[in-house]
Amino acid sequence: MKYLLVLVVVVAGLWLLLRKRHPPAARPATRPDKKAPPSLAAMVACAHCDLRLPQAEALPDANGRLYCSEAHRLAGPR
Ligand SMILES: [Zn+2]
């Protein structure tokens, strides 16, 4: 009976050691957050073709009109 108690203590000690090395909190790696909502960047319309594009990608001309591409900037407003 004494040996059974020793065995239980040893097994419990080993179990605790193993648990420390491999914590059960090893959840699946944190998933990346749900896809971030598209940024609400200001959208502008091309002065030539009326295509909507983010303001950061628009090409302004000398008069401040915005265009979707260099070709439309050169073609000018419709
Ligand atoms: Zn355009």
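Residues numbered from 1 in each chain as written. Predicted model: local features only at pLDDT ≥ 70, side-chain atom pairs only at ≥ 80, totals over all residues.

Colleague: How should the overall build of the protein chain be read in this particular structure?
Modeller: If you tally the helices and strands in the protein chain, you get two helices and four strands. Put simply, the protein chain runs from its N terminus to its C terminus through helices and strands in the order α-β-β-β-β-α. Taking all 78 residues of the protein chain together, 10% fall into the buried category. Long-range pairs, those at least 24 residues apart, make up 15% of the contacts in the protein chain between residues at least 6 apart in sequence. (Helix = DSSP H or I, 4+ residues; strand = E, 2+ residues; numbered from the N terminus. Buried ≥ 20, exposed ≤ 12 C-beta atoms within 10 Å, placed from the backbone. Contact = placed C-beta atoms within 7 Å.)

Colleague: Is there a simple way to explain the environment of cysteine 49 in this structure?
Modeller: In this fold, cysteine 49 is placed in the loop between β1 (43-45) and β2 (52-54). The partly exposed category is assigned to cysteine 49, around which 13 C-beta atoms lie within 10 Å. Once the C-alpha coordinates of cysteine 49 and serine 69 are considered, the two residues, 20 residues apart in sequence, prove to be 10.0 Å apart. When residues no more than four places from it in sequence are discounted, the contact partners of cysteine 49 are Cys68 and His72.

Colleague: Is there a simple way to think about the nonpolar core in this case?
Modeller: When a protein is soluble and globular, its nonpolar side chains tend to lie buried together. If you look at the biggest cluster of nonpolar residues, it comprises five residues: Cys46, Ala47, Ala58, Tyr67 and Cys68. Contact partners of alanine 47, with chain neighbours within four places excluded, come to Arg65, Leu66, Tyr67 and Pro77. (Core = buried A, V, L, I, M, F, W, Y, C linked by C-beta atoms within 7 Å.)

Colleague: Sorry if this is basic, but what is going on with the environment of glutamate 57 here?
Modeller: Secondary-structure assignment places glutamate 57 in the loop between β2 and β3 (59-60). Between the alpha carbons of glutamate 57 and cysteine 68 there is a distance of 7.4 Å; along the sequence they are eleven residues apart.

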